[in-house]
Amino acid sequence: MDSIIVEESGPLYGKIAIAGAKNACLTLMPATLLSDEPLTLTNAPRLSDIGTMSLLLQSLGVEVESLNGGLVLALSSHALKTTRADYEIVRKMRASNLVLGPLLARAGEAIVSLPGGCAIGARPMDLHISALRALGAEIELKDGYLHAQTPNKGRLVGSEYKLKFASVGATENFVMAACLAKGRSQLKNAAMEPEIVDLVTCLKSMGANISGEGTDTITIRGVDKLNGTTHSVIMDRIELGTYMLAPVIAGGEVELIGGKMEFLEAFCGKLTEAGVEISKTTNGLKVKRKLDTINSVDVKTAVYPGFPTDLQAQMMALMCTSNGVSKLEEAIFENRFMHAPELMRMGAQIDVQGGTAVVKGVSKLKGAQVMATDLRASVSLILAGLAAQGQTKVSRVYHLDRGYEKLVEKLKNVGANVERVK
Ligand code: UD1
């Protein structure tokens, strides 16, 4: 199994290009199930999660062609061969549940394995199920699989539904399913993430009639059929936020090509408070810290446009090196501090009590052997390693391959001392 070795690095100078968004691509790919015409996605990220979604779609009969080194995905669902999403693939990635809504809408039935447990929390499917039931779906749980079908195997029926919590995945499943439902649907307390707006932009160019995306109320007027299209995936705001932290932790100044502040306002606000200078450039953003020290700031994760839970671990790595005490509250997932004990192996001072971590900055972290536990936790250890004295060895880096393409290459290009080893 590969590991990544990080030596104290910096200052970092140069450019990092931001890839297409993993979380947008993972919901755009299943959208192909809604049409028998081809869907082409450009600016796709080259990640193992995208490979997993390709395998899942192929198992359903979707033709998936990866072109231009993986940057372009040509998908065609003209002939589906099954509506069963098997446990063996679904268990690898929770986003597999995003085939549920589109399969149901297109084929009138879907049998989708429950995604199972996940390191960062229980992540049940209740919100997805209730939202699809509101559209007339009959859903039962049998042998670990959700067995869903439309009324009399016909079309779903448009209706109004309010989510108990603004779940990203449940919003995506509802919107995709409602595109082909009979009549008007409306989702209240919908999630507002930019990846959902990207999905809706693509669905509209496939002929869907949707309004209100990006607000908490999305209205969908069902159509009989969707057509094919070509769509460019938006940039990955979580990859952007992660690399913005590299020169903040290690010093220097890095330009993030393709980076935009507008999708990360809460995060950028906290960085500014911490003493970071963020400026727009012709091609993206430039980031550097203003002073030698980083101010401690308090952070509470929230649904968009709040501070993203997917950047909490990375922010904790930064706060480990701040000049004071900061409080990090995790309000989206119940078990998302697994990076804390690993950071403590590097000399960080962190006290976790339930959903709150109190981090006391130390003057210097120390390199150590640490273990990646999930995608964002693992990258927080790499960031911390940049500022730690000596060598940090991060094992189980397959977690990183799920969400960061060419991580070592991108960091090396700005001068970081990082190597991947067998
Ligand atoms: C998506 C993102 C993930 C991000 C998360 C929150 C993708 C592929 N993944 O995940 O990177 O961390 O949004 O921004 O886009 N919940 C329930 N019942 C449900 C569904 C969710 O209780 O039926 C809970 C979850 O356990 C979790 C919270 O709601 O505590 C947020 O989950 P949700 O917004 O659905 O996240 P995902 O779509 O799974």
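On a predicted model such as this, the values are computed, not experimentally measured, just so you know.

Criteria and cut-off values
- Residues numbered from 1 in each chain as written.
- Predicted model: local features only at pLDDT ≥ 70, side-chain atom pairs only at ≥ 80, totals over all residues.
- Heavy atoms only, no water.
- Core = buried A, V, L, I, M, F, W, Y, C linked by side-chain atoms within 4.5 Å.
- Buried < 20%, exposed > 50% of the residue type's maximum accessible area, 1.4 Å probe, protein only.
- Helix = DSSP H or I, 4+ residues; strand = E, 2+ residues; numbered from the N terminus.
- Contact = heavy atoms within 4.5 Å.
- Phe/Tyr/Trp six-rings, centres within 6.5 Å; stacked < 30°, edge-to-face > 60°.
- Pairing = 2+ DSSP bridges.
- Axes fitted to C-alpha atoms, helices over the stretch in contact; angles between N-to-C directions.

**Considering the nonpolar core**
Right, so step 1: Met 29, Leu 41, Leu 57, Val 99, Leu 203 and Ile 210 are the most contacted members of the largest nonpolar core, which has 75 residues in total.
Right, so step 2: With seven residues, the top contributor of residues to this core is helix H6 (residues 168-179).
Right, so step 3: When near neighbours in sequence (up to four residues on either side) are disregarded, Met 29 contacts Leu 41, Ile 50, Met 53, Ser 54, Leu 57, Leu 73 and Leu 75.
Right, so step 4: Phe 307, Met 316, Cys 320 and Met 346 belong to the second-largest nonpolar core, a separate cluster that totals 72 residues.

**Here we look at the packing of aromatic side chains**
Right, so step 1: One pass over the structure, following the stated rule, counts two aromatic pairs.
Right, so step 2: Between the aromatic rings of Phe 267 and Phe 307, the centroid separation amounts to 5.7 Å while the plane-to-plane angle is 55°, which identifies the pairing as tilted. Of this pair, Phe 267 sits in helix H9 (residues 265-273) while Phe 307 is found in the loop between strand S18 (299-300) and helix H10 (312-319), placing the two residues 40 residues apart along the sequence.
Right, so step 3: Since its relative accessible area comes to 0%, Phe 267 is described here as buried.

**Focus on the sheet that holds strand S25 (residues 391-395)**
Backbone-to-backbone hydrogen bonds pair the strands of a sheet. The strands run either parallel or antiparallel.
Right, so step 1: The sheet built from four strands is open, its strands ordered S23-S25-S1-S26 with mixed pairing. For this open sheet the edge positions go to strand S23 (369-371) and strand S26 (418-421), each flanked by a neighbour on one side alone. Neighbour-to-neighbour, the strand axes of this sheet turn through a mean angle of 25°, independent of strand direction.
Right, so step 2: Direction of pairing for strand S1 (residues 3-7) relative to S25: antiparallel, over a ladder of five bridges. Residue pairing across strands places Ile 5 opposite Lys 393, the latter belonging to S25.
Right, so step 3: Together, S1, S23, S25 and S26 form the strand contacts of helix H12 (residues 375-386), whose direction differs from that of S1 by roughly 25°.

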